[in-house]
Amino acid sequence: MAYIAARQPVVTGISSDGEPSDAELSAIEREMPVVLAEVELLDAQIMTLDRTPTEVDARRLRRAHRRVLAARRDLANCPAGRTGGAA
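The paragraphs below set out a description of the structure included in this document. All values derive from a computational prediction rather than experimental measurement.

Rules and cut-offs
- Residues numbered from 1 in each chain as written.
- Predicted model: local features only at pLDDT ≥ 70, side-chain atom pairs only at ≥ 80, totals over all residues.
- Heavy atoms only, no water.
- Helix = DSSP H or I, 4+ residues; strand = E, 2+ residues; numbered from the N terminus.
- Buried < 20%, exposed > 50% of the residue type's maximum accessible area, 1.4 Å probe, protein only.
- Contact = heavy atoms within 4.5 Å.
- Areas by Shrake-Rupley, 256 points an atom, 1.4 Å probe, with all protein chains shown as cover.
- Core = buried A, V, L, I, M, F, W, Y, C linked by side-chain atoms within 4.5 Å.
- Polar contact = N/O pair within 3.5 Å; in protein donor to acceptor, adjacent residues only side chain to side chain.
- Salt bridge = Lys/Arg side-chain N within 4 Å of Asp/Glu carboxyl O.
- Expected span 1.5 Å × (residues − 1).

1. Points about the overall build of the protein chain
In step 1: Of the regular secondary structure elements, the protein chain holds two helices and zero strands.
In step 2: Taking all 87 residues of the protein chain together, the buried fraction comes to 10%.
In step 3: Restricting to contacts in the protein chain with at least 6 residues of sequence separation, those with at least 24 account for 65%.
In step 4: Counting every atom, the protein chain has about 7,500 Å² of accessible surface; 57% of that belongs to carbon and sulfur.

Structure representation (structure tokens):
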């Protein structure tokens, strides 16, 4: 039986310890405000699934949607090497 071996190196390197690298952790930290804002929007949407949305629900949805947009804007305008916060 002939074995087939790859002639090219592996495309994606596998980390020896399985932990995220410092670059990956900083990317997660930069994106965390967007993730939290999206979770808040999802919570507001879930609350209105089984009932007719009230005016308070509509305000909560609009506010959560604005937070998502603001967080995405801030992420897009933030340089890649900066994690945010006061300088």
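After that view, the rundown keeps rolling.
2. Some words on the side chain of D57
In step 1: Inspection of the secondary structure puts D57 in helix α2 (residues 55–77).
In step 2: The class of D57 is buried, set by a relative accessible area of 4%.
In step 3: The contacts of D57, once residues within four sequence positions are left out, are T48, R51 and T52.

3. A short note on the nonpolar core
In step 1: Counting residues in each nonpolar core, the largest one holds six residues, listed as V34, A37, L41, A64, V68 and A71.
In step 2: Contributions of two or more residues to this core are made by α1 (22–47) and α2.
In step 3: Residues within four places of A37 in sequence aside, it is in contact with R67, V68 and A71.

4. Focus: the side chain of T48
In step 1: Note that T48 resides in the loop between α1 and α2.
In step 2: Within polar-contact distance, the side chain of T48 engages the backbone oxygen of Q45 at 2.9 Å.
In step 3: Among residues more than four places away in sequence, those in contact with T48 are P53, D57 and L61.

5. Observations concerning the environment of L75
In step 1: Examined against the element boundaries, L75 turns out to sit in helix α2.
In step 2: For the pair formed by L75 and M32, sequence separation is 43 residues and the distance between their alpha carbons is 9.6 Å.
In step 3: Those residues in contact with L75, other than ones at most four positions away along the chain, are R30, E31 and V34.

6. What about the pattern of salt bridges?
In step 1: For the structure on display, the rule yields seven salt bridges.
In step 2: Here D57 makes a salt bridge to R51, at a shortest N to O gap of 2.9 Å.
In step 3: One network of salt bridges, in which partners are shared, links R51, D57 and R60.

7. A short note on α1
In step 1: For α1, with 26 residues, the first-to-last C-alpha span of 37 Å sits near the 38 Å given by 1.5 Å per residue.
In step 2: Of all the residues in α1, the buried ones are V34, A37, L41 and A44.
In step 3: If you follow the buried residues of α1, they end up packed against α2.

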